[in-house]
Amino acid sequence: MPIKDSELILNPDGSIYHLNLRPEHLADTVITVGDPDRVSSVTQHFDSIEFQTQKREFHTQTGIYKGKRITVISTGIGTDNIDIVFNELDALANINFETREVKDTLKSLNIIRIGTSGSIQESIPVDAFLISEYAAGFDSLLHFYDSEHVQHNEIANALIEQTNWFASKSKPYIVTCNEHLLKQFSSSKTVTGFTATNVGFYGPQGRILRLAIQDDAMNDKLANFNYNGISITNLEMETAGIYGLSRLLGHKALSMNAIIANRATGEFSNDPKATVNNLITYTLNKLIEE
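How each quantity is defined
Residues numbered from 1 in each chain as written. Predicted model: local features only at pLDDT ≥ 70, side-chain atom pairs only at ≥ 80, totals over all residues. Heavy atoms only, no water. Phe/Tyr/Trp six-rings, centres within 6.5 Å; stacked < 30°, edge-to-face > 60°. Lys NZ or Arg CZ within 6 Å of the ring centre and 35° of its normal. Patch = residues over 30% accessible without salt bridge, like charges linked within 9 Å, V, L, I, M, F, W, Y side chains within 5 Å. Areas by Shrake-Rupley, 256 points an atom, 1.4 Å probe, with all protein chains shown as cover. Salt bridge = Lys/Arg side-chain N within 4 Å of Asp/Glu carboxyl O. Helix = DSSP H or I, 4+ residues; strand = E, 2+ residues; numbered from the N terminus. Buried < 20%, exposed > 50% of the residue type's maximum accessible area, 1.4 Å probe, protein only. Core = buried A, V, L, I, M, F, W, Y, C linked by side-chain atoms within 4.5 Å. Contact = heavy atoms within 4.5 Å.

Observations concerning the packing of aromatic side chains
Under the criterion given, the structure shown has 6 aromatic pairs. One aromatic cluster is present, built from ring pairs that chain together Tyr 134, Phe 194 and Phe 225. Taking the ring centre of Tyr 17 as reference, the NZ or CZ of Lys 55 above it sits at 4.7 Å. The aromatic ring of Phe 201 is capped on one face by Arg 207, whose charged end is 3.8 Å from the ring centroid.

If you want it as structure tokens, here you go:
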């Protein structure tokens, strides 16, 4: 049955509503970044760029890097934007825009996030490259979908118990990366971690400017969490949504984090831009090792 116009919204030029992309603009390998300006920081390394567009915070460029076609897209900040970007990327790959029907054969995209993050463990220094093996979502995004089968509820329940989780907050959900991509991108230059995805930058991550927060010990509780030797390592704002929706939609996802702050020691990178650029080149070179 065709998908209704109100559900799959297309622009007059046939592109999908928010991203302003048509199916031919999308490569099978996608890099996501939060900052629209970071798209060009990735594609400056490309041999050529075949297409680019920007609408709102969603900046996209598709081109060739050492023979490999890659799409780079900015998501903006937060899992609410991840919901938009990942549903629309999947629609571009797996829905026929002419018939408005799901294709008989579904495509699985490889999606790599390159983003910044703050460590909450003293042992993970600034300027490190951290790969998120696990992610804990402190937003409610995945609870709006039929998603129990992709969640690790035993870890979530341990997190709730060990942190004395405030009942009025959304129940955490735990999801994992794609195992193949984890092996492909891991090396002596990376550390593997358990990332907490927060719903904000200030109070939700324990920062206090003028507003008191509900639990000013939460970061310490997260740092001390332990489930069968698994500890939470860093904080950011997109990874759990990326992993959850990718699992549900049948895509492969991995989150690469440039650690630019250590919340445990109070340190901040002396050159965060260089750290991010180093992570970009590392990720691009790993992509062509397939």
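Let's talk about a nonpolar patch on the surface
A contiguous nonpolar surface patch, about 340 Å² in accessible area, is contributed by Phe 201, Tyr 202 and Leu 209. Along the chain, the position of Phe 201 falls in the loop between strand E10 (190-197) and helix H5 (218-224). On the basis of relative accessible area, Phe 201 is assigned to the partly exposed category, the value being 40%.

Concerning the pattern of salt bridges
Under the defined criterion, the tally for this structure stands at 9 salt bridges. Linking Glu 179 and Arg 247 is a salt bridge whose minimum nitrogen-to-oxygen distance equals 3.2 Å. Note that Glu 179 is positioned in helix H4 (residues 179-185) and Arg 247 in helix H6 (residues 239-249), a separation of 68 residues in sequence. The exposure class assigned to Glu 179 is partly exposed, which follows from its relative accessible area of 45%. On the basis of relative accessibility, which here comes to 31%, the residue Arg 247 falls in the partly exposed class. For Lys 221, the salt bridge goes to Asp 215, with nearest N and O atoms at 2.8 Å. Exposure remark for Lys 221: the relative accessible area of 24% places this residue in the partly exposed category. Given the relative accessible area of 15%, Asp 215 is considered buried.

Thoughts on the environment of Ile 242
Along the chain, Ile 242 turns up in helix H6. Taking the C-alpha atoms as reference points, Ile 242 and Gln 205, separated by 37 residues in sequence, lie 19 Å from one another.

A closer look at the nonpolar core
In this structure, Leu 19, Ile 31, Leu 254 and Leu 284 are the most contacted members of the largest nonpolar core, which totals 57 residues. With 7 residues, helix H2 (residues 79-94) is the single largest residue contributor to this core. When near neighbours in sequence (up to four residues on either side) are disregarded, Ile 31 contacts Val 42, Ile 70, Thr 71, Val 72, Ile 73, Ile 112, Ile 114, Leu 284 and Leu 287.

Keep in mind that these numbers describe shape and distance, not what the molecule does.
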